[in-house]
Each structure stands twice: as C-alpha cells, then as structure tokens.
Amino acid sequence: MRSMKVLLFADPGIDDSLAIIYALLHPEIDVMGIVTGYGNVSVFDATRNAAYLLELAGRSDIPVIRGASQPLSGIHTVFYPEIHGPQGLGPIVPPEDFQADVSPFELMFEIIERNIEDIVIVDVGRQTTLAFAYNLRPELMEQVKEVYLMGGAFMVPGNVTDIAEANFWGDPIATSVILNKAKKVYITPLNVTNRAIVTRDIATYIFNHTSSPYKYLIPAVTNYYAKFYDQVMPGIDGSPVHDVFTLYYLLNKDKTYTIKRDVRIAIVDGSRGQSIADLRMVYKEPELEHYIAMDFNYNHFIEDFIRINLREGGELA
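In this text, all values refer to a predicted model and were calculated from it rather than measured experimentally.

Focus: helix 2 (residues 43–56)
Phase 1: Helix length check: helix 2 (14 residues) gives 20 Å between terminal C-alpha atoms against 20 Å at 1.5 Å per residue, within 8%.
Phase 2: Here helix 2 lies mainly inside the structure; 10 of its 14 residues are buried.
Phase 3: Turning to helix 2, its buried residues are Val43, Ala46, Thr47, Arg48, Asn49, Ala50, Ala51, Tyr52, Leu53 and Leu54.
Phase 4: Phi turns positive one or two residues past the end of helix 2, at Gly58, with a value near 65°.

Structural notes on the pairing of strand 13 (residues 290–296)
Phase 1: Most of strand 13 sits inside the fold, with 6 of its 7 residues counted as buried.
Phase 2: Where strand 7 (residues 185–188) lies against strand 13, 3 bridges are found, and the strand directions are parallel. The partner of Val185 across the bridge, within strand 13, is His290.
Phase 3: Note: strand 10 (residues 256–260) against strand 13, 5 bridges, orientation antiparallel. Paired with Ile259 across the bridge in strand 13 is Ile292.

Here we look at the packing of aromatic side chains
Phase 1: Per the stated rule, a full pass over the model turns up 18 aromatic pairs.
Phase 2: Between Phe245 and Tyr248, the aromatic rings sit 5.6 Å apart at their centres with planes inclined by 45°, giving tilted as the arrangement. On the criterion of helical spacing, the pair formed by Phe245 and Tyr248 is a turn pair, its members being 3 residues apart in helix 12 (residues 242–251).
Phase 3: Ring centres of Phe296 and Phe301 lie 6.0 Å apart, and the angle between their planes is 85°; this geometry places the pair in the edge-to-face category.
Phase 4: Relative accessible area serves as the criterion here: at 10%, Phe296 is assigned to the buried category.
Phase 5: Among the aromatic residues, those joined into a ring-pair cluster are Tyr148, Tyr186, Phe245, Tyr248, Tyr249, Tyr291, Phe296, Tyr298, Phe301 and Phe305.
Phase 6: Above the ring of Tyr249, the side-chain terminus of Lys253 is found at 5.5 Å from the ring centroid.
Phase 7: The ring of Tyr283 is capped by Arg261, whose NZ or CZ atom sits 3.5 Å from the centre of that ring.

Side note on the pattern of salt bridges
Phase 1: Scanning the entire structure with this criterion turns up 13 salt bridges.
Phase 2: Its salt-bridge partner being Glu106, residue Arg137 comes within 3.6 Å of it at the nearest N-O pair. With Arg137 in the loop between helix 5 (128–136) and helix 6 (138–141) and Glu106 in helix 4 (residues 106–114), this pair connects stretches of sequence that are 31 residues apart.
Phase 3: On the basis of relative accessibility, which here comes to 40%, the residue Glu106 falls in the partly exposed class.
Phase 4: Between Arg280 and Asp278 there is a salt bridge, and its shortest N-O distance comes to 2.9 Å.
Phase 5: Linked through salt bridges whose partners overlap, the residues forming this network are Glu106, Glu113, Arg137 and Glu139.

Let's talk about a nonpolar patch on the surface
Phase 1: A cluster of nonpolar side chains, contributed by Leu72, Phe132, Leu136, Ile173 and Ile267, occupies part of the molecular surface with about 390 Å² of accessible area.
Phase 2: Topologically, Leu136 is positioned in helix 5.
Phase 3: Judged by its relative accessible area of 52%, Leu136 falls in the exposed class.

With respect to the sheet that holds strand 5 (residues 119–123)
Phase 1: Read from one edge to the other, the open sheet built from 9 strands follows the order 4-3-2-1-5-6-7-13-10, with strand pairing classed as mixed. Where the open sheet ends on each side, the last strands, each with one partner, are strand 4 (102–103) and strand 10.
Phase 2: Pairing between strand 6 (residues 146–150) and strand 7: 4 bridges, direction parallel. Counted as the bridge partner of Leu149 is Ile187 from strand 7.
Phase 3: In this fold helix 5 packs onto strand 1 (4–10), strand 2 (29–36), strand 5 and strand 6, with an angle of close to 155° to the strand it touches most, strand 6.
Phase 4: Along the sheet, helix 12 makes contact with strand 1, strand 2, strand 5, strand 6, strand 7, strand 10 and strand 13, crossing strand 6 at roughly 150°.

Some words on the environment of Asp171
Phase 1: By secondary structure assignment, the location of Asp171 is in the loop between helix 7 (166–170) and helix 8 (172–181).
Phase 2: Considering only alpha carbons, one finds Asp171 and Val160, 11 residues apart in sequence, at a separation of 13 Å.

Describing the side chain of Thr199
Phase 1: Note on placement: Thr199 falls in strand 8 (residues 197–199).
Phase 2: Ignoring any residue separated from it by four or fewer positions in sequence, one finds Thr199 in contact with Thr222, Ile236, Asp237 and Gly238.

Cut-offs applied
Residues numbered from 1 in each chain as written. Predicted model: local features only at pLDDT ≥ 70, side-chain atom pairs only at ≥ 80, totals over all residues. Heavy atoms only, no water. Helix = DSSP H or I, 4+ residues; strand = E, 2+ residues; numbered from the N terminus. Expected span 1.5 Å × (residues − 1). Buried < 20%, exposed > 50% of the residue type's maximum accessible area, 1.4 Å probe, protein only. Pairing = 2+ DSSP bridges. Phe/Tyr/Trp six-rings, centres within 6.5 Å; stacked < 30°, edge-to-face > 60°. Lys NZ or Arg CZ within 6 Å of the ring centre and 35° of its normal. Salt bridge = Lys/Arg side-chain N within 4 Å of Asp/Glu carboxyl O. Patch = residues over 30% accessible without salt bridge, like charges linked within 9 Å, V, L, I, M, F, W, Y side chains within 5 Å. Areas by Shrake-Rupley, 256 points an atom, 1.4 Å probe, with all protein chains shown as cover. Contact = heavy atoms within 4.5 Å. Axes fitted to C-alpha atoms, helices over the stretch in contact; angles between N-to-C directions.

Pasting the structure below:
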C-alpha cells in the first residue's frame, strides 16, 4: 500500500510526542513535515521537542516549521507543567545544548503545493497556525482534500471546562475558520479519544519487546501522563492518547463509527470552545463536509498501537 503523505501540526506535549512517534514508525504514513505551535507548552518548547524526537529516530531530514505563539484572540495562554512536564515531554528533557533546526514558515505552503493531490493535514494541537494558513493562502489550502482535527466534545464533558475540550477551547476562532473553509474535515473528539487508553502494562510490554529509538521514552512519558489521569479519570490505570487516536483514525475508519453533521464552535466566554452539532434522531441534512468519530473498536486500536510501536525504524521487531 502506498504511504499516506501527512503534514502534522502539533504542540508536543506528551500525547503529541506519542503521536509523532506513531507516525514516524507507521509504514503507511509518510511525515512530510511537523508544524509546531503553542498549546501544551510554548511554541519554542514545542519546536524543540519535535526536533528532538526526530533526531532520536535519525529523521532530521523531516522539516520542523515553527507556527503560532498565541491564539487569534490574543488571550494569554496558560501552560500546565503538572500535566506535560516543565518542557512538555514529562520526565524527558532534551540536552541543554540541543538546538532545533527550524525551517522557514513558507516551506509549509511549498510542501502542500508540491503534494496537493494526495497530502493530508492532521492537526492535533491548537488550530491557530492552520487557520493562519487558510487565511494567508486560501486558494491553495481549499484544495487540500482532507483535514483531521483532534478536538471537541459532543454531548460529553470537556477536559478544560465542563463543556469544552482543550484544543477547541484554546482558539475557537481558529477552529471556526477551518470548519468554514476546509473542503472536508474529520474530527476526533473526547467521545473517542478519552477511551483510547494505553495502560502502564502496555507501555511496559512495548519497552520489553522493542529496540526502537523510543524504547525508553514511551513508558516514561506514559507513566508521567498516567499520574495526572489518576486524578481526573481514576481507575483507568493509564492515559488516553488523544493525538495517537487521530492518526489511527486516518487509516482505520472501518473500525470507527462516524457521523456526518455540520459542526460549529462557540466563541463567547460563557460557552467558549463548546463543540455543537445536531445529534437529534431527525436532523437537517448537513451542508458541510464535517465528519465526527463517535465510537471505535478499542481492541483493534490497542493491537495497532502495540504493533506500530514494536517497529524499529521500519522493520517489525
């Protein structure tokens, strides 16, 4: 099968780092570039973390492009080191002398233009940079066939407020730009990602059975993340890997229950970031190409996660 060309937007962050690892090890994903932004950590830490993950795998040939440092609203962003660690990778800290090799912002458009027939955009962070892209080069961006967003919570609790998920809450204006301008958008909300749980035992199993460049990192960051989830989702003995699920969904829609609905995002303060869709049994036929993942085959997901993470730079362990 031909590899899928993916331009990945991320803000690593623990779950973003696991998504980057998954994408790099996956035989059917060709990472064309990583566009970083603020979110879990500052844009500078996110950029450094992305470049460090690439260097660990000997993939510094993949360009890292630094994106937005704050939301379109200009609201001050608060980071949460107790969730992702002081620099975003939990207990893992890149060497003090490590410097990210940052590519020019314009390279993002060059990558998209060169691969416009088959490139897919996956954004697992705040959507500010991607919204900038749609505003700066609409004639190009509107040709992109598919965009995947990790975000939202439909009729389930949020994770940053009682109604809002962190990515959509972080910059609802940006998310609205993408929903209104992108040709086709697939959304993986908390409805599914909260149940995409990697347990401590699974992380340990991967550690014991692989020699990949990420052998030590996977259990370290999973256990760190799980300590936070022990407080907010007690009893799961692990952590949801929200961003990994979005990449899994990209290639496994047949294992996922998806609905098509028009989606909009609340922007005003009282309900900021709330994702809204008509989920009644009788609803108005959608006008836009918005697809929401609502359920999935967990056993297949976790088998896939293990299988991919047992790869060693392209060869199964």
